[in-house]
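This is what each chain is made of:
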Amino acid sequence: MDFTFTEEQQAAAEAAKAVFSSAPPDGVPSPALTPGAVADDLDRRLWGKAADADLLGLLLDPRYGGAGLDPIALCLVLREAGRVLARVPLLESTAAALAVQRYGGEELCAAVLPGVGRGELVLTVAPHGRTGHDAAELAVQARQDSGADGDGGPWVLDGAQTAVPWAHSADRILIPAHTEAGQTLLALVPRDLTGVTLSPQISTSGERLAEIRLDSVRLDGSEVLTADGAWEWLRHLLTTGICALALGLGEAVLTLTSSYTSKREQFGFPLATFQAVAVQAADRYIDLRAMEATLWQAAWRLATDREGAPAAPGALPVAGDVAVAKIWAAEGVRRVVQTAQHLHGGFGAATDYPLHRYHAWAKQLELSLGPAAAHEEALGDLLAAHPLG
């Protein structure tokens, strides 16, 4: 399998390195030292730099000011963001915008997408449902009122979504919902719309989340994406993006650990020269390579699979590759930060050293959109339903 990146994808990664190099992890607010949320807003300075570098419209069509790239390019950029714990909703805003472009009407696309690419409009997604364990679309019920001429009128939404990232900073929130008939749809809800209430919550990483309550929220039909498979596709993209963030974070942590063990001495020798230390570091390197290979497989499937196109004989659906990538990302990033803490000793817990921040972010990424066990169960169901040829 050839995972060689195109010139355009490599250029996106280089641009991301240039932007995120100005955001050292030591500058990230510490959840251990900050009562409540570490900040009330996203990093607007960094968000502006990402917009100036055209990173926010990478996947958008050129007619909306984008570069027309694919999910592989997005994951390359997210990998760089994960290395420095970038406090920006790059994944959520880009994924929501691409869902609008893919499944929305021309009127909605023209009204939303150019502003997203310029950084003037921030989008996010409510992917966790009420508990984080149940299907997100079941947490909100949608019904469509009859129009004056008997055709479909406005949509009315009722329900709640919890742990919504960047909700207090976003202008619009893409919310999955279900109808009485069992149809799943996506509603692009303005944050300040009548009937929308946000209650603050705090993530493991210290970031400000929100519980969103919808009380008879009315939306025009053009702001609701009703295409079959839209939410499933968006969930796959979000999950794959989380894997990219976890990979970047894990690589930064292993680099941090290698530097520390090469300089820290015990019994007159650097820690890195001890076999037990070298073996543990090598195991974590293998974890990262497995995380990388499964990530690019999932991103490649998302970039190349076309709706309605037959799968290759014996191949699992895209969901299978996404599940494998998330299993490795969740388990791998956990092992990487745990080994790092072990090899750093007590120094790893020092709050003036960035490792504790990486540990908190790693736990958040490990559990986001399902831990490894949940994806192992989903993969088992897929294998049972689609036996390999």
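Let us look at the structure shown here. Just so it is clear, the model here is predicted, and its values are computed rather than measured.

## A closer look at the overall build of the chain
Next up, step 1: Each helix and strand in the chain was counted, giving ten helices and ten strands.
Next up, step 2: Taking 21 Å as the expected radius of gyration for a compact globule of 389 residues, we find that the chain reaches 21 Å, a close match to that expectation.
Next up, step 3: The long-range fraction of contacts in the chain, counting pairs at least 24 apart against all pairs at least 6 apart in sequence, stands at 74%.

## Observations regarding the packing of aromatic side chains
Next up, step 1: Tallied over the full model, the rule gives four aromatic pairs.
Next up, step 2: Measuring from ring centre to ring centre gives 5.0 Å for Phe5 and Trp296, while their planes differ by 75 degrees; the resulting arrangement is edge-to-face. Of the two residues, Phe5 is situated in the segment before helix 1 (7–20) and Trp296 in helix 7 (residues 275–304); the sequence distance between them amounts to 291 residues.
Next up, step 3: You can call Trp296 buried: its relative accessible area is 4%.
Next up, step 4: Between Tyr260 and Phe347, the aromatic rings sit 5.5 Å apart at their centres with planes inclined by 10 degrees, giving stacked as the arrangement. Of the two residues, Tyr260 is situated in helix 6 (residues 230–263) and Phe347 in the loop between helix 8 (318–344) and helix 9 (355–367); the sequence distance between them amounts to 87 residues.
Next up, step 5: Put simply, the rings of Tyr260, Phe347 and Tyr353 pair up and form one aromatic cluster.
Next up, step 6: The ring of Tyr285 carries Arg289 above its face, with NZ or CZ at 4.9 Å from the centroid.

## Some thoughts on helix 8
Next up, step 1: In this model helix 8 runs 39 Å from its N-terminal to its C-terminal C-alpha over 27 residues, within 8% of the 39 Å that 1.5 Å per residue would give.
Next up, step 2: Immediately downstream of helix 8, the backbone of Gly345 shows phi near 65 degrees, a positive value.

## Here's the deal with empty space enclosed by the protein
Next up, step 1: Counted under the stated rule, the structure contains three cavities of 30 Å³ or more.
Next up, step 2: Within this model, the largest cavity holds a volume of roughly 460 Å³.
Next up, step 3: Surrounding the largest cavity, 28 residues form its lining, Glu92, Pro165, Trp166, Gln364 and Leu365 being those nearest its centre.
Next up, step 4: At the level of secondary structure, the elements contributing two or more residues to the lining of the largest cavity comprise helix 3 (71–83), helix 4 (90–103), strand 3 (152–165), strand 7 (208–219), helix 6 and helix 9.

Conventions used here
- Residues numbered from 1 in each chain as written.
- Predicted model: local features only at pLDDT ≥ 70, side-chain atom pairs only at ≥ 80, totals over all residues.
- Heavy atoms only, no water.
- Helix = DSSP H or I, 4+ residues; strand = E, 2+ residues; numbered from the N terminus.
- Rg over C-alpha atoms; globule rule 2.2 N^0.38 Å.
- Contact = heavy atoms within 4.5 Å.
- Phe/Tyr/Trp six-rings, centres within 6.5 Å; stacked < 30°, edge-to-face > 60°.
- Buried < 20%, exposed > 50% of the residue type's maximum accessible area, 1.4 Å probe, protein only.
- Lys NZ or Arg CZ within 6 Å of the ring centre and 35° of its normal.
- Expected span 1.5 Å × (residues − 1).
- 1 Å grid on protein atoms, 1.4 Å probe; cavity = no way out; pocket = protein on both sides within 12 Å on 5 of 7 lines; lining within 4 Å.
- Points joined across faces, edges and corners; volume = space filled by probe spheres on them.

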